[in-house]
2 protein chains.
Amino acid sequence: MTIKGSNASALGLPIGIFDSGVGGLTVYRALHDRLPDERFVYLGDTARVPYGTKSLDTVERYAIENSLFLASVGIKLLVVACNTASALALPKIRARTGIDVVGVIGPGARKAVELTKHLAEPRIGVIATEATVASNAYSESIKRASEKPQIVQAACPLFVPLAEENWLHEPETFSIAAKHLKKVIEFRPHALVLGCTHYPILRDVIQQTVGDGVKLIDSGEATAEEVAALLRDRGLESEAMIAGPRSLCDDLDHFYVTDAAERFARVAERFLGAQPSRLEAIEVYGIDQLTREIGP
Amino acid sequence: MTIKGSNASALGLPIGIFDSGVGGLTVYRALHDRLPDERFVYLGDTARVPYGTKSLDTVERYAIENSLFLASVGIKLLVVACNTASALALPKIRARTGIDVVGVIGPGARKAVELTKHLAEPRIGVIATEATVASNAYSESIKRASEKPQIVQAACPLFVPLAEENWLHEPETFSIAAKHLKKVIEFRPHALVLGCTHYPILRDVIQQTVGDGVKLIDSGEATAEEVAALLRDRGLESEAMIAGPRSLCDDLDHFYVTDAAERFARVAERFLGAQPSRLEAIEVYGIDQLTREIGP
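Residues numbered from 1 in each chain as written. Chains lettered and ligands numbered in written order. Predicted model: local features only at pLDDT ≥ 70, side-chain atom pairs only at ≥ 80, totals over all residues.

## Concerning the overall build of chain A
Let me state the cut-off plainly: The secondary structure listing takes helices from DSSP runs of H or I that are at least 4 residues long and strands from runs of E that are at least 2 residues long, numbered from the N terminus. Based on C-alpha atoms, the radius of gyration is set beside the globule rule, defined as 2.2 Å times the residue count to the power 0.38. Put plainly, a residue is buried at 20 or more neighbouring C-beta atoms within 10 Å of its own, exposed at 12 or fewer, and partly exposed in between, counting only other residues' C-beta atoms, which are placed from the backbone. We call two residues in contact whenever the C-beta atoms placed from their backbones are within 7 Å.
Within chain A, the secondary structure is distributed over 14 helices and 10 strands. Rg of the C-alpha trace for chain A: 18 Å, near the compact-globule value of 19 Å for 296 residues, within the 12% margin. Its C-alpha atoms put chain A at 50 × 45 × 40 Å along the principal axes. Taking all 296 residues of chain A together, 52% fall into the buried category. Here the analysis covers contacts within chain A between residues at least 6 apart in sequence; of these, 78% occur between residues at least 24 apart.

So this is what it looks like as structure tokens:
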């Protein structure tokens, strides 16, 4: 890895996070817990959510627009919290922005390999959206880390609406989980990657459905660990800004959405137990315009 | 009503239909069944679906872009199949395009009033997306037609993903329907408006849940009736183009999507039993650009 933009002035900058909508708040929470001295700028592309059913070209275009917006705000590192965008658009984002970019797929995949490497014949399950499963991004990332594991993937299309509606304890949710996870249960995985930002919200349901023996891997938590290591390696860690623990969504963190800020705040309350102190609705459309402003 | 654009050359033009995605195909089917001599141009804004959770400003902008695209293709009448766009954006669409526009809310509301007008104390239920319910568009439209009915509305957020996943017979679908429709069942309506284009796909589930005594109103079918009357009144009916019955999705009808054409074709097959013969992916972004082209 080359070191880019590592200088004193970058230290004070926040870490940028973008997601297609509210789901990435689970990644924000994981980063916030792991890196209590950092500030964050979060962009939820709520005007164009979801990405999971859209094409490669469209997801790339949206991801680049979001990244250029966050770059124009000023960040020291960009975390792509959206699994679909991480699966499809990471190379293009890297090519178009001058900043370091971390996606959630690689860290989730490496964590799964790490946790099962002591086994002779490890089995890793991956659950994600239709688009992420079809991209094979997790499978390929797991194979790059180790040829050993057998892998089974499954799309769980009803998990996102169930999480957003907060149906976490309803019998229907358990029954739907049993259907969505049938192939995974039959595969008897040692580890199961939660390859969509919404799925950690349903963590208890998923754990009960697949059984306690299966290690669940939250890609957001795995990403937070890798981001912590990256900041340390590059000397980009911030110093503590306030004494004592920080709260989620306090006024040091800035949230932007491309639409429907009220609904975002409501779902944030469900996901994090707090509403953002600083929340703004903005537009990110038009790559060319933004590119002209921040060059080159 | 004033008669606009009623001339010989308009007769041969197709009827335009736009929706946020695939749901409007139920409205296309209703129009196709009712008006076998007409051609249709359908635009599904699959790059930005869903509209039901987005803000007024955003839905208006998307709706105008879609309408201007269809106007630029050449249509004699525009049907806004999307309930959310019909609820929020109809006045703006009318102001920005020179063509006649029909939404699905008014016809659905008027049909409910018509079917219950013989009752002393009619009760009308409305089920729709969060945004449509919050807009009160159905309630207001029902009240404009008659002050008599009592009205209860309910949002059914899990119906859209269940319909798109084709979960039409699963016990979970019935169980979720019982929860979503609890308030409606307690209200004991005489008629129930299916105020979202996806809901007719779940018609059997909904009918079984609310009981056979409740008349279900498909806003798409009600809209097709009003469009037929409108074309007749204005002398805009087309003459039969082919002998014998036409098939859904044959090559006289043209389908455009703003993204993910393959997924659209797949869901169209589920909804209509046929894939579009003519399906193209296009871009509709940038009102100003389009406005310049087709002016003013």
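## Re the packing of helix α5 (residues 105-116) of chain A against helix α7 (residues 137-145) of chain A
Residues and elements named next belong to chain A. Definition in use: To obtain an axis, a line is fitted to C-alpha atoms, over the contacting stretch when the element is a helix, and the angle between two such axes runs from 0 to 180 degrees between their N-to-C directions. When describing relative orientation, an angle under 35 degrees is termed roughly parallel and one over 145 degrees roughly antiparallel, while 65 to 115 degrees is termed roughly perpendicular and anything else oblique. Helix crossings get a hand from a simple test, with the near helix turned counterclockwise from the far one by less than a right angle marking a left-handed crossing and a clockwise turn marking a right-handed one. The classification used treats Ala, Val, Leu, Ile, Met, Phe, Trp, Tyr, Cys and Pro as nonpolar, Asp, Glu, Lys and Arg as charged, and all other residues, Gly among them, as polar.
Their axes nearest at 8 Å, the elements α5 and α7 cross at an angle of 50 degrees. Comparing their axes, α7 and α5 come out oblique. In the packing of α5 onto α7, the handedness of the crossing is right-handed. In contact with Ile105, Gly106, Gly108, Ala109, Arg110, Ala112 and Val113 of α5, α7 contributes Ala137, Tyr138, Ser141, Ile142 and Ala145. Considered class by class, the residues forming the contact of α5 with α7 number eight nonpolar, three polar and one charged.

## Observations concerning helix α11 (residues 203-210) of chain B
Residue and element names in this part refer to chain B. Formally: Arc, as used here, means the arc of the directions from the helix axis to the C-beta atoms.
Residues Val205, Ile206, Thr209 and Val210 constitute the buried set of α11. Buried residues of α11 fall within an arc of 115 degrees about the axis and therefore sit on the same side. Buried positions along α11 lie against α9 (171-180), α10 (182-187), β7 (191-194) and β8 (215-218). Trailing α11 by a residue or two, Gly211 shows a phi angle of about 100 degrees, which is positive.

## Observations concerning the domain arrangement of chain A
Residue and element names in this part refer to chain A. Filter applied, for reference: An automatic or database domain assignment supplies the residue ranges for each domain.
Domain boundaries in chain A define domain 1 (8-103 + 221-294) and domain 2 (106-219). Distance between the C-alpha centres of domain 1 and domain 2: 23 Å. With 26 residues of domain 1 at the contact, the number on the domain 2 side is 23 residues. Residue assignment for the side of domain 1 that touches domain 2 shows that the elements contributing at least two residues are α2 (25-34), α4 (83-96), α12 (219-233) and α13 (261-272). With five residues, the top contributor of residues to the side of domain 1 that touches domain 2 is α12.

## Observations concerning the interface of chain B and chain A
Contacts between the two partners involve 16 residues from chain B, matched on the other side by 16 residues from chain A. In terms of residues, the side of chain B that touches chain A owes the most to one element, α9(B), which gives three residues. Of the residues belonging to the side of chain B that touches chain A, the class tally is six nonpolar, four polar and six charged.

## A look at the relation of the copies chain B and chain A
Our working rule: We superpose the copies by least squares over the C-alpha atoms of residues that have a pLDDT of at least 70 in both of them.
In screw terms, the move from chain B to chain A is a rotation of 180 degrees and a rise of 0.0 Å along the axis, fitting with an RMSD of 0.0 Å. Such a combination of rotation and displacement between the chain copies is what one expects of a two-fold axis. A high fraction, 100%, of the interface residues of chain B reappear at the interface in chain A, so the copies pair face to face through one surface.

## A few points about the confidence of the model for chain A
Residue and element names in this part refer to chain A. Rules: By definition, pLDDT measures how confident the predictor is in each residue, and it falls between 0 and 100.
With 92% of its residues at a pLDDT of at least 70, chain A reaches an overall mean of 90. Note on residues 1-7: pLDDT under 50 across the span, and 10 contacts to partners over four residues away in sequence or across chains. Prediction confidence for the complex, expressed as pTM and ipTM, is 0.87 and 0.84 respectively.

## Observations regarding the nonpolar core
The cut-off we apply is this: In this description, a nonpolar core means buried residues of the types Ala, Val, Leu, Ile, Met, Phe, Trp, Tyr and Cys, linked to one another by C-beta atoms lying within 7 Å.
Core analysis: the largest hydrophobic core is formed by 90 residues, its most contacted members being Ile17(A), Leu31(A), Val79(A), Val80(A), Phe159(A) and Val193(A). By residue number, the principal contributor to this core is helix α3 (residues 56-73) of chain A, which donates seven residues. Each of domain 1 (8-103 + 221-294) and domain 2 (106-219) of chain A gives at least three residues to this core. In this structure Ile17(A) touches Gly24(A), Val27(A), Tyr28(A), Leu31(A), Phe40(A), Tyr42(A), Val79(A) and Ala81(A), once residues within four positions along its chain are discounted. Of all hydrophobic cores here, the second largest spans 89 residues; its members include Val102(B), Val205(B), Val227(B) and Leu231(B).

## Some points on the pairing of strand β9 (residues 254-257) of chain A
All names here are of chain A. Threshold: In this description, strands pair whenever DSSP reports at least two bridges between them. Crossover handedness is defined by viewing with both strands directed away from the observer: a clockwise path from the first strand over the helix to the second marks the crossover as right-handed.
Where strand β2 (residues 40-44) meets β9, four bridges bridge the pair, whose relative direction is parallel. In the strand pairing of β9, Val41 is matched with His254. Direction of pairing for β9 relative to strand β10 (residues 278-281): parallel, over a ladder of four bridges. Its bridge partner lying in β10, Val257 is registered against Ala281. With α13 bridging β9 and the parallel β10, this β-α-β connection has right-handed handedness.

## Some words on the environment of Lys54(B)
Of note, Lys54(B) is situated in the loop between β2 (40-44) and α3 (56-73). According to the C-beta neighbour criterion, Lys54(B) is buried, with 26 such atoms within 10 Å. With near-sequence residues (within four places) excluded, Lys54(B) lies in contact with Ala47(A), Asp259(A), Ala260(A), Val59(B) and Ala131(B).

## A look at unusual backbone geometry
A negative phi holds for most residues other than glycine; trans holds for most peptide bonds. That bond from Val49(A) to Pro50(A) is cis: its omega, -5 degrees, falls within 30 degrees of zero. Mapped onto the elements of the fold, Pro50(A) is located in the loop between β2 and α3. Even without glycine at this site, Cys249(A) takes up a positive phi of about 65 degrees. With respect to the element layout, Cys249(A) can be found in the loop between α12 and β9. The residue Arg188(B) is not glycine, and still its phi comes out positive at about 50 degrees. Within the secondary structure layout, Arg188(B) lies in the loop between α10 and β7.

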